Structures are given as structure tokens and as C-alpha cells.
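# A closer look at the structure
Read off the chains here:
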Amino acid sequence: MRWFASLPGNAAARLGLALPVDSRHALEYVHGFRVSGSTGSAVPMAARGVHLATIAHVHALEVLDSRGRPTVEVEIVCDDGARGRAILPSGASTGAAEACELRDGDPQRYDGLGVQRACRNVEEKIAPAIVGRNPAEQFALDAVLLELDDTPQKTALGANAILGVSLAAAHAAAASQGVPLYRHLHRLWSQARTRATQQQGRPAPSVPPPAMPTPMTNMISGGLHAGGNLDFQDYLVSPRGAPDYATGLEWIVRIYNRLGRLLSEAGYEGRLVGDEGGYGPRLANNRQAVEFVVRAIEAAGLMPGEQVTICLDVAATHFFDGQHYRLAATGDRSLSSDDMIDELESLVDVFPIDSIEDGLAEDDWEGWQRLTARLGSRVRLVGDDLFTTNPRRIAQGVERHAANAALIKVNQIGTLTETFAAMDTALAGGMTCVVSARSGETEDDTIADLAVATAADQIKIGSIVRSERLAKYNRLLRIERELRTPAGK
Ligand code: 2PG
Ligand code: MG
């Protein structure tokens with residue numbers, strides 16, 4: 001039996017489903033079949049009297065995100081009463097290769113940012129194609145979505161419409177099976193990795209069980225996320241030495257509070273915050289921002305570098321003019337790629353920095369190669385705009401030795417299946433993964449479960465204030481308790 005037989009041809013090929021999946025593991029829960037017996041023969045669950053939920057209704061609603069901008073919410077209701085809901089995030093410093101966020105462009109409503117067209121696409125174009133399907137068949141469902149919109153950046157229906165359905169289906173499937181979302185996603189992730197390795201003839205990966213990621217948390221915001229003057233977008237901390245997630249979170253909050261006090265005492269803004277909850281002071285330069293964060297770690301009674309490391313999201317694309325990197329905070333300096341690499345190296349030499357995201361612009365591939373050759377053995381070089389969670393761009397990075405880690409943002413690519421493909425490509429190429437929120441967020445906490453399910457190295461949610469961020473941090477606290485608690489307690 002070819003489990004992908006019911007997929008539309010093109011979509012199956014795009015998702016890399018050209019091979020029959022015959023392993024016991026991969027057949028489990030696929031298309032309503034469970035493997036039974038040592039021979040691995042598939043027995044339809046329906047034939048054994050197990051009811052398979054099907055999608056009965058798909059609703060879309062225009063709601064608001066943390067910046068007060070419209071975004072898409074999708075709710076899927078199954079015939080067994082199970083429901084799943086997802087609300088889409090939105091970026092400010094976006095990469096050019098990101099999937100399309102479809103906006104209405106009607107200046108009379110929300111300054112053109114309305115998403116009513118995307119909502120209509122969900123209810124009028126996508127819903128008829130997926131009603132009656134089992135939401136647990138994520139790969140088949142995503143293949144249908146990709147068949148409906150086969151444009152490279154999902155410009156026909158909008159990635160906000162497509163991803164809303166893809167994620168809401170996962171929530172509905174988890175609810176229908178009575179399992180936490182991270183368990184359901186872990187099962188899908190295992191299947192995705194098995195399938196990819198079979199297709200590419202790689203040795204089967206060992207897929208670790210669900211595990212807590214280390215947070216990477218915004219302390220000071222600059223760039224496009226805050227009104228200050230700093231060129232770099234995020235100055236973050238990561239509690240690498242914390243014994244567990246809950247302890248790490250307490251450290252982060254302590255550092256954040258100490259930092260606010262230090263900034264205020266020095267006469268800088270230490271209360272008002274940027275889009276992601278980081279402080280937005282007008283400091284003299286990028287270096288001073290890092291110095292403040294180091295002092296805050298020390299003021300919290302923690303050891304910089306040992307217990308807590310510093311991470312940067314330079315977001316260099318937004319100050320690259322095609323030729324030069326224009327650093328305004330430090331006297332309007334105009335730097336070449338090599339100057340920029342020198343600048344980053346000089347920071348790594350002095351401060352306990354172990355991760356730099358988007359240190360160079362999204363299409364400066366040669367620069368990225370030199371940056372990776374120079375600093376790749378000392379720090380994690382994370383591609384965000386560079387990769388846009390796109391498996392093809394990540395594969396290019398692996399091939400060219402550009403970056404050694406991938407930022408994973410579900411709305412940059414637009415389906416769960418493609419997100420898994422991006423993560424698989426990164427891991428198979430020796431990169432680590434950082435699951436990330438966007439600067440525009442909501443109460444949706446899906447990425448917490450995604451990071452746990454895939455045992456991602458780190459998660460980047462923004463700061464530890466504002467409830468759209470805390471929804472994820474708090475979800476992680478609950479998951480950590482669940483993972484520690486024996487079943488049924
Ligand atoms: C980033 C993200 C989150 P945005 O650059 O990593 O910090 O920002 O969502 O604006 O792209
Ligand atoms: Mg970034």
C-alpha cells in the first residue's frame with residue numbers, strides 16, 4: 001500500500017513523497033492506519049471500529065496581533081467535536097524570500113493591513129478541499145494546500161491563510177486524539193525525518209524524545225523593533241548553564257529587572273519597551289548595549305559566559321544598502337562585508353557572545369561564507385533572513401558552509417510539513433535549530449510545542465514581559481512539568 005496514493009501528484013513531489021514509506025514507524029498514524037503485528041501489516045483503524053475524526057468546519061476570523069495589526073485566526077472543528085485554533089504571527093524585519101502575508105491593501109480599513117481576503121481564501125477556497133479529511137494526516141493535508149497554491153511564495157492564497165489551516169489542523173488532531181500538541185507534533189516530526197532520510201538514502205536519524213529548549217531572550221531592542229538608535233535589532237541572553245527551563249526563566253527575569261534598574265540609574269530609558277518587550281534605550285553604540293547586558297548578568301549574581309551567554313540578532317539586512325553596511329549608531333560608519341566581520345569578531349573577542357543571528361545581509365552569501373570560516377568554530381551563526389525557513393536556502397547554506405544554525409519561523413515558509421523539511425535539512429547538514437517567534441505575536445503558543453517536539457536547541461520568543469510572549473514562556477513551564485510528571489498524575 002502506498003500511503004501517499006491519495007495525494008495530488010505535484011504536491012506529493014514537492015513534499016518529497018515520491019517513495020513508499022514502509023517502515024513500521026512511518027506507517028503508524030498515517031492515513032488512519034496503524035501497523036499491527038510483527039510483520040508490520042497495516043490494519044485500517046476504521047475497520048477495527050476506531051473512529052477517525054474528520055474535518056467538519058473551517059472558520060477564519062480577522063483578529064489583532066500585539067502591534068494592533070490584523071492577522072488571521074483559523075479554527076477547525078472536527079466531526080467528533082474536537083477543535084483546533086491557530087493565530088498567525090507577523091514580522092517587521094522580514095526576509096525577501098519569505099512566504100507572502102496576504103493583506104487587503106484597502107486604505108479605508110486598518111491602513112491597508114486588513115486580512116479579510118486571506119480569511120475568505122480559508123473559508124471559500126481551502127475549506128471545500130479539506131472538509132472530510134482526517135486532520136491527523138498532516139502531510140496529505142499540507143499537500144492539498146500546496147496544490148491549491150503552487151506559487152513559490154504562496155502569493156495566490158496567502159501564507160497567512162495556508163499556515164493558519166496547517167497549524168489549526170495539528171491542534172485539532174491533537175485534541176481529537178486526546179494528546180498534548182507536542183506529542184502529536186513529535187510523532188509527525190519523527191515521520192517527517194524518517195521519510196526524508198529514506199528519500200535521500202541517508203542513514204536513519206535517531207529522533208530524540210520531546211525535550212525542553214533553552215530560551216534566548218531579548219533584553220535590549222534596537223533596529224526596526226524599537227524607537228531608539230541602535231543598529232542591531234536584539235541583544236539577548238541565554239541561560240545555557242541553568243539546570244532546567246524553570247530555573248533558566250527565573251534567571252532571565254532577574255537579569256531583565258537588574259538591567260532596567262542599571263539603565264535607569266545611568267539616565268537611560270529603563271522602563272519603556274520595544275515590540276518584543278526588550279528595553280529601547282538611546283545608547284551611544286552597540287557595544288554599550290552589550291556592556292549593559294553583561295553588567296546586568298553580573299548584577300543578577302550570575303556568571304556571564306558560564307551560566308548565561310549573550311546572543312545578538314544583528315538583522316543586518318535592514319541596514320545593508322546593497323554595497324555597504326551603514327551603522328548609524330556609531331557615527332554613520334559605512335562598512336564592507338569584511339569590515340562588518342571584523343566588527344563582529346571584535347565583539348566576540350571581548351564579550352561572552354555565543355550566537356550571532358543575521359550578522360550579514362540576506363543575499364551576501366560570499367560574506368556569510370567568510371564569516372562562517374572566521375567565526376563558525378567560536379559562535380553559532382544563525383541564518384534568519386538568510387534562510388527564511390526555506391529548505392532550499394538552508395540546503396544552499398549547508399553546501400556553501402554559510403551559517404551553522406537556522407532560525408525556524410513557521411510563517412516564513414507557510415506549512416508545518418515544510419517547516420519540518422527545513423529543520424530536517426538543517427539538522428542533516430550539521431546545523432542546529434532555533435525556533436523563533438515574530439515581532440508581531442498573539443496569544444497563540446504553538447511554537448512552544450513545536451520547539452519541544454523537535455527537541456530544538458533554543459527558542460527565541462522575545463522578552464519576558466507582554467502576554468503574547470508569556471503565553472509561550474508559560475506554555476513551556478507547563479510542558480516541562482508534564483514531561484517530569486509520571487503519566488496520569
Ligand atoms: C527576527 C524576528 C524576531 P521579525 O528578526 O528574528 O525577533 O523579528 O519578526 O520582525 O522578523
Ligand atoms: Mg532575526
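Please read these numbers as outputs of a predicted model, since none were measured by experiment. (Residues numbered from 1 in each chain as written. Chains lettered and ligands numbered in written order. Predicted model: local features only at pLDDT ≥ 70, side-chain atom pairs only at ≥ 80, totals over all residues. Heavy atoms only, no water.)

## Comments concerning the pattern of salt bridges
To be explicit about the condition: One speaks of a salt bridge when a side-chain nitrogen belonging to Lys or Arg is within 4 Å of a carboxyl oxygen belonging to Asp or Glu. Helical segments are the DSSP runs of H or I of at least four residues, strand segments are the runs of E of at least two, and each set is numbered from the N terminus. The buried label applies to any residue whose accessible area, calculated with a 1.4 Å probe on protein chains only, is under 20% of its type's maximum; exposed applies above 50%, and partly exposed to all values in between.
Under the defined criterion, the tally for this structure stands at 32 salt bridges. In this structure, the salt-bridge partner of D424 is R193, at a minimum N-O distance of 2.9 Å. Here D424, found in helix α13 (residues 416-428), pairs with R193, found in helix α6 (residues 181-200); they are 231 residues apart in sequence, far enough to count as distant. Residue R193 is classed as buried on the basis of its relative accessible area of 8%. The partner of D354 in a salt bridge is R240, with the nearest N and O atoms 4.0 Å apart. Note that D354 is positioned in strand β11 (residues 353-357) and R240 in the loop between β7 (234-238) and α7 (245-265), a separation of 114 residues in sequence. Since its relative accessible area comes to 14%, D354 is described here as buried. R240 gets classed as partly exposed once you look at its relative accessible area, which sits at 27%.

## Notes on the confidence of the model for the protein
Threshold: Per-residue confidence from the predictor is given as pLDDT, running between 0 and 100. Any two residues having at least one pair of non-hydrogen atoms within 4.5 Å are treated as being in contact.
Scored by pLDDT, the protein comes out at a mean of 90, with 89% of its residues at no less than 70. Scored below 50 in pLDDT, residues 1-9 makes 20 contacts in the model with residues more than four places away or belonging to other chains. Under a pLDDT of 50 for its full length, residues 11-44 has, in the predicted model, 83 contacts with residues more than four places off or in other chains.

## A closer look at the coordination of the magnesium ion (ligand 2)
Heads up, the condition is: Only nitrogen, oxygen and sulfur atoms within 2.8 Å of the metal, or 3.2 Å for Na, K and Ca, are treated as donors, and water is left out, so sites may look incomplete.
The coordination sphere of the magnesium ion (ligand 2) contains the protein donors D313 (OD), E357 (OE) and D384 (OD), at a distance range of 2.0 to 2.2 Å. Here the donor residues for the magnesium ion (ligand 2) map to a single chain with the spacing D-x43-E-x26-D. Of this pair, E357 sits in strand β11 while D384 sits in the loop between β12 (380-383) and α11 (391-400), placing them 27 residues apart in sequence. Considered together, E357 and D384 belong to a single accessibility category, that of buried residues.

## Re the site of ligand 1
Put simply, the rule is: Here a residue counts as near a molecule or strand whenever at least one of its heavy atoms sits within 4 Å of it. Counted as a polar contact is a pair of N or O atoms within 3.5 Å, where, for protein atoms, one must be capable of donating a hydrogen and the other of accepting one, and residues adjacent in sequence contribute only when both atoms are in side chains. Per-residue accessibility takes into account occlusion by the displayed protein chains alone, with areas from the Shrake-Rupley method and a 1.4 Å probe. A pocket here means an open set of points on a 1 Å grid, computed over the protein atoms alone, that has protein on both sides within 12 Å along at least five of seven lines. A cavity is instead a set of points where a 1.4 Å probe fits but cannot get out; residues with an atom within 4 Å of a point line either one. More than half of a molecule's atoms within 2 Å of the grid points is what it takes for that molecule to sit in a cavity or pocket. Residues are grouped as follows: Ala, Val, Leu, Ile, Met, Phe, Trp, Tyr, Cys and Pro are nonpolar; Asp, Glu, Lys and Arg are charged; every other residue, Gly included, is polar.
Around ligand 1 sit 16 residues, and of these A92, E276, R438, S439 and K460 come closest. At 3.0 Å, a side-chain N or O of D384 approaches an oxygen atom of ligand 1. At 2.6 Å, a side-chain N or O of S439 approaches an oxygen atom of ligand 1. Burial of ligand 1 by the surrounding chains reaches 99%, relative to a free accessible area of 300 Å². If you map ligand 1 onto the pockets, it falls in the largest cavity. Across the shell around ligand 1, the residue classes tally to three nonpolar, five polar and eight charged.

## Considerations on the packing of aromatic side chains
Each aromatic ring pair is described using two quantities: the centre-to-centre distance and the angle formed by the ring planes. Going by this rule: Pairing of aromatic side chains requires ring centres within 6.5 Å, counting the rings of Phe and Tyr and the six-membered ring of Trp. Pairs whose planes differ by under 30 degrees are stacked, by over 60 edge-to-face, and all others tilted.
As enumerated under the stated definition, the model contains eight aromatic pairs in all. Measuring from centroid to centroid gives 6.2 Å for F232 and Y235, while their planes differ by 20°, and the two rings are stacked. One exposure class covers both F232 and Y235, and it is buried. Centre to centre, the rings of Y268 and F292 are 5.8 Å apart; their planes meet at 85°, and the pair counts as edge-to-face. On the criterion of sequence distance, the pair formed by Y268 in the loop between α7 and α8 (286-299) and F292 in helix α8 is long-range, its members being 24 residues apart. Take F292: its relative accessible area is 3%, and that puts it in the buried class. Taken together, the aromatic side chains of F232, Y235, F319, F320 and Y325 make up a single cluster linked through ring pairs.

## Considering the environment of I297
Tracing the sequence through the fold places I297 in helix α8. Leaving out residues up to four positions away in the same chain, I297 has contacts with V237, I255, L302, M303, P304, V308 and I310.

## Points about the nonpolar core
Note the threshold: We call a set of buried Ala, Val, Leu, Ile, Met, Phe, Trp, Tyr and Cys residues a nonpolar core when their side-chain atoms join them within 4.5 Å.
Grouped together as the largest cluster of nonpolar side chains are 124 residues, with contacts concentrated most on I76, I220 and F232. For this core, the element with the most residues is helix α5 (residues 159-177), which contributes ten residues. What I220 contacts, discounting residues up to four positions off in sequence, is L230, Q233, D234, Y235, L259, Y279, P281, L283, A289, F292 and V293. In this structure, L236, V382, A405 and L407 belong to the second largest nonpolar core, which totals seven residues.

## Observations concerning helix α14 (residues 446-453)
Within α14, eight of the eight residues are buried, leaving the element largely enclosed by the surrounding structure. Buried within α14 we find T446, I447, A448, D449, L450, A451, V452 and A453. Once α14 ends, the next one or two residues include A455, with phi positive near 50°.

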